[in-house]
Amino acid sequence: MKRTAKRSLICLLPLTLALVACNRPAPPQEKLTITGSSTIAPLLVEIAQRYELQHPQLKIDVQSGGSARGIADTRQGNAHIGTVSRSPQADEQDLHWYGLARDGVGIIVNTANPVVSLSTRQIVDIYTGKLTDWAAITGKSAAISVVNKAEGRSTLEVFLRFFALRNSDIHAHVIIGDNQQGIKTVAGNAGAIGYVSIGSAEVAIKDGAAIKLLPVNGIDATIGNVANGSFPIARTLHLITTDTVDEQAQRFISYCLSASVHDLIESQYFVPVVH
Amino acid sequence: MIRSLRQRPWSDSLLALACTGAALLLAGIFFFLLWDLVRPGIGGLSWQFVSTLPAAAGRDGGIAPVIVSTLLILGVCLALSVPVALGTAIFLAQQQRGLPWAAWTRRSLDLLAAVPSVVFGLFGAVVFCELLGLGYSIAAGGLTLACMVLPFMIRAAEDGLRAVPREYHLAANALGLSQYRLLGAVILPAAAPALLAALVLAIARALAETAALLFTSGYVLRMPSSLFDSGRTLSVHIYDLAMNVNGGERNAYRSALVLLVLLLLINTATHTLSRCLSGKARI
Amino acid sequence: MISSSPSTSSPWSIDLLLRCWQRLAAAVAGGVLLLLVAYLIAESLPALMRIGPLALLTDPSWHPLEGSFALLPMVMASVGIALLAMALALPLGLAIALFLTVYAGRRLRAIYVAMLELLAGIPSVILGFWGLVALVPVIARWQAPGTSLLAAALVLALMITPTIALLSHLVLRQAAQTHALTTAALALSHYAHIFRVVLPVAMPALASTALLALGRALGETMVVLMVAGNVVQFPASLTTPVRSLTANIALEMAYARQEHRSALFVSGLVLLLVAGGLYFLIARLQRGDKEQAPVESAA
């Protein structure tokens, strides 16, 4: 008996697999797929959850994987809506771009660092390797560790544009991907300087991370100052579609841009764009 | 020569010291690491956390759908990879070691262990999500994961099968056993510990995977209703909470603890099951 | 339930089925893996055609958005990190495997194996994060910025040691069991038992375990991404921040477009070539060992 059972198991396995492969049910009629930026994904999950409550027949699948994926998926029709956390490039004008929220980019240093503010000149000198020691600024000698973002990242793009730098001019000691990596890196190194999303930094500071945000041009790096437009370095988080937009998707985009999701945007420490 | 082999008390104790020291070192690091995970994660870890739906992108609420998706993806992965890996391993183990094409196959399998998981993810997205039309789904994630653990499983299983003493084969051949009986009654039970280790390591690797799944099984937090729904695994959830969700760190640690407990349960179950199976097969 | 006892069924049809299953499985496995390599090459081609393979070696730096695609520093970094991690993990893993095989009692062994299996399943995100928070600041106090080749190799070693230990333990146990009676009869010391009998017998399987672990070390992404520093430069010292080929893909894929994206796939392809080169070297070394081995056993 046991042998038979085992044998039938062996025979059944490929059969089950074949069934699994073929027996795909038709996708539900009302389903929206959104793919793209990992920064925007958590926010959209929350917006989608609220929208689904109001439209029970609709399912919204939010996917992550990067801005490049958002653009590719939207163009190929794999996604109804894409999310992109950088500004449109010259060859991307075929898509429709909707500003969903803004995300300030602030300079951070370790709390053990006595520095209270840096001029634009000093930041440029630090990032281009002309200043390599904090002694010139704070009077206390400590090697500067420059934390930069990886090529192509939108915070890098915003940072470079503001300080009129080229990435190849920067002498970095550490290169990072996500904001959290930047925060942890600066928190663990007394001489480090980096730049991350202000929202992420504020939350981390509240949770006790050993970092502080520096003012830029005398303006404090706070979400409030990003919201009122006085803080100068910020990126816009976008939703994108192609020309042929599904009606359901268009309605969801309008909802995302409406005031009824502003509380969700703020709860993720971003700044709503008022249309 | 023989005397020198027999009497080396100092080298014996030195070896014992080194081996025990190594074991203690790793155990020490493990508990240090575990403590760093437990301290921030243990508070608020409750039945409610593992049995309720997530809220606020995972910052609040539980992780019930994530656990279900994780188990489904692991199930699909194992259901596909185990038969393929075992069959291939048996096939390869039967070939002479010297045969050039068998050696070539083995070497290319080793190579594929070096393919970064991101590449597997992008590959899976093209082949399973787009070409097979599965879309972001648990099925696509399981398939991709199966491809990823395949080289590892095959190599580990083949090594285990090769370690079965040649005498067993000879004895079985002398008795005129069919290949089915040879495999079922002799080789597989003898190689069971090695096959089991391969399985457990593959499960560990599958549960720890992030990048390959982000592109295939996706990111959706809803409770999956079929294998063709998108769903995120614990590792993806942990990654997202730790890296992308501001204020998600506490739940990331909690989820990591749940993942470890889940792994412990699965490993125990696998060991028990294999003990039952191999115990019965020996009779 | 027709064939409830094995004697009434024809064993040969089952054998045929078994043989079919094995062939089919091997074909599926081979097919999938060939497909993967084909995919990697197809995605790399645009960059290889546009910038040419030579530029990967001769370009001054890695700034793909400014048309500069130097991969060589990352090749060196990948190899350096993986080899250093192996140099740490291999002795450690082997010693632990010996501890489990020779010194640990049954219960201790079971507990320790369970611990190793857990350690093997900790997601690399968590290990990487832990390395960044716990290990990097320690190195930074000695040599800023702390994120470095050394940090990556240390965390990576922690990551692959369980695999090496678990698989080697199996191999060693098999070898020790097979020869237990003989060595007991000869009253060999533990030391002689292990170094003259068990290890030589187990050597081919141990080497194959080491290759698996090396592949894992070369292919690991998250840990290296978190703690290696990711600056594209040649590893001048242990504390130099470096970027591996895998971290390169993971860092930039999210925003990469056109040649940049394709160049990242080239990183993956180059990684495969590097792994292939390393395996070839190791195979040569092994063959050298084997030629010496009979001489030693004859002595």
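So, how was this worked out
Residues numbered from 1 in each chain as written. Chains lettered and ligands numbered in written order. Predicted model: local features only at pLDDT ≥ 70, side-chain atom pairs only at ≥ 80, totals over all residues. Heavy atoms only, no water. Domains from an automatic or database assignment. Contact = heavy atoms within 4.5 Å. Buried area = accessible area lost by both parts, 1.4 Å probe. Salt bridge = Lys/Arg side-chain N within 4 Å of Asp/Glu carboxyl O. Helix = DSSP H or I, 4+ residues; strand = E, 2+ residues; numbered from the N terminus. Buried < 20%, exposed > 50% of the residue type's maximum accessible area, 1.4 Å probe, protein only. Polar contact = N/O pair within 3.5 Å; in protein donor to acceptor, adjacent residues only side chain to side chain. Nonpolar A, V, L, I, M, F, W, Y, C, P; charged D, E, K, R; others polar.

### Some thoughts on the domain arrangement of chain A
All names here are of chain A.
Step number 1: Domain assignment breaks chain A into domain 1 (31–102 + 236–272) and domain 2 (103–227).
Step number 2: On a C-alpha basis, the centroid separation for the pair domain 1 and domain 2 is 29 Å.
Step number 3: The interface of domain 1 with domain 2 comprises 11 residues on the first partner and 12 residues on the second.
Step number 4: Interface area, domain 1 with domain 2, both sides summed: about 880 Å², of which 57% is carbon and sulfur.

### Digging into the pattern of salt bridges
Step number 1: Per the counting criterion, the structure on display carries 26 salt bridges over all chains.
Step number 2: Salt-bridge contacts for Arg162 of chain B lead to Glu158 of chain B; the nearest nitrogen and oxygen are separated by 2.8 Å. Residue Arg162 of chain B and its partner Glu158 of chain B are located together in helix H7 (residues 138–162), separated by four residues, close to a single helical turn.
Step number 3: The exposure class of Arg162 of chain B is partly exposed, given its relative accessible area of 21%.
Step number 4: Between Glu43 of chain C and Arg261 of chain C there is a salt bridge whose closest N-O contact spans 3.2 Å. Of this pair, Glu43 of chain C sits in helix H1 (residues 11–58) while Arg261 of chain C sits in helix H9 (residues 258–298); the two residues are 218 residues apart in sequence, bridging distant segments of the chain.
Step number 5: Using a relative accessible area of 27% as the deciding quantity, one classes Arg261 of chain C as partly exposed.
Step number 6: The network of salt bridges with shared partners includes Lys31, Glu52 and Asp61 of chain A together with Arg222 of chain B.

### So, the domain arrangement of chain B
All names here are of chain B.
Step number 1: Parsing chain B into structural domains produces domain 1 (8–41) and domain 2 (47–277).
Step number 2: Spacing between the C-alpha centres of domain 1 and domain 2 amounts to 28 Å.
Step number 3: Between domain 1 and domain 2, the buried area comes to about 490 Å², and carbon and sulfur atoms account for 82% of it.
Step number 4: Taken as a group, Leu37, Pro40 and Gly41 account for 79% of the area that domain 1 buries against domain 2, more than any other trio of residues on that side.
Step number 5: At the junction of domain 1 and domain 2, the tally comes to zero salt bridges.

### Concerning the interface of chain A and chain C
Step number 1: Each side of the interface is counted separately: chain A has 38 residues, and chain C has 37 residues.
Step number 2: Interface of chain A and chain C: buried area, both sides summed, is about 2,900 Å²; carbon and sulfur atoms make up 58% of it.
Step number 3: At the surface where chain A touches chain C, the tally comes to two salt bridges.
Step number 4: In this structure, the salt-bridge partner of Glu92 of chain A is Arg257 of chain C, at a minimum N-O distance of 3.0 Å.
Step number 5: At the boundary of chain A with chain C, the tally comes to 15 residue pairs in polar contact (both at pLDDT 80 or more).
Step number 6: Of all the secondary structure elements, the ones that give two or more residues to the side of chain A that touches chain C are helix H1 (2–22), helix H3 (67–76), strand S6 (174–176) and helix H7 (179–187) of chain A.
Step number 7: The residue inventory of the side of chain A that touches chain C, partitioned by class, reads eight nonpolar, 19 polar and 11 charged.

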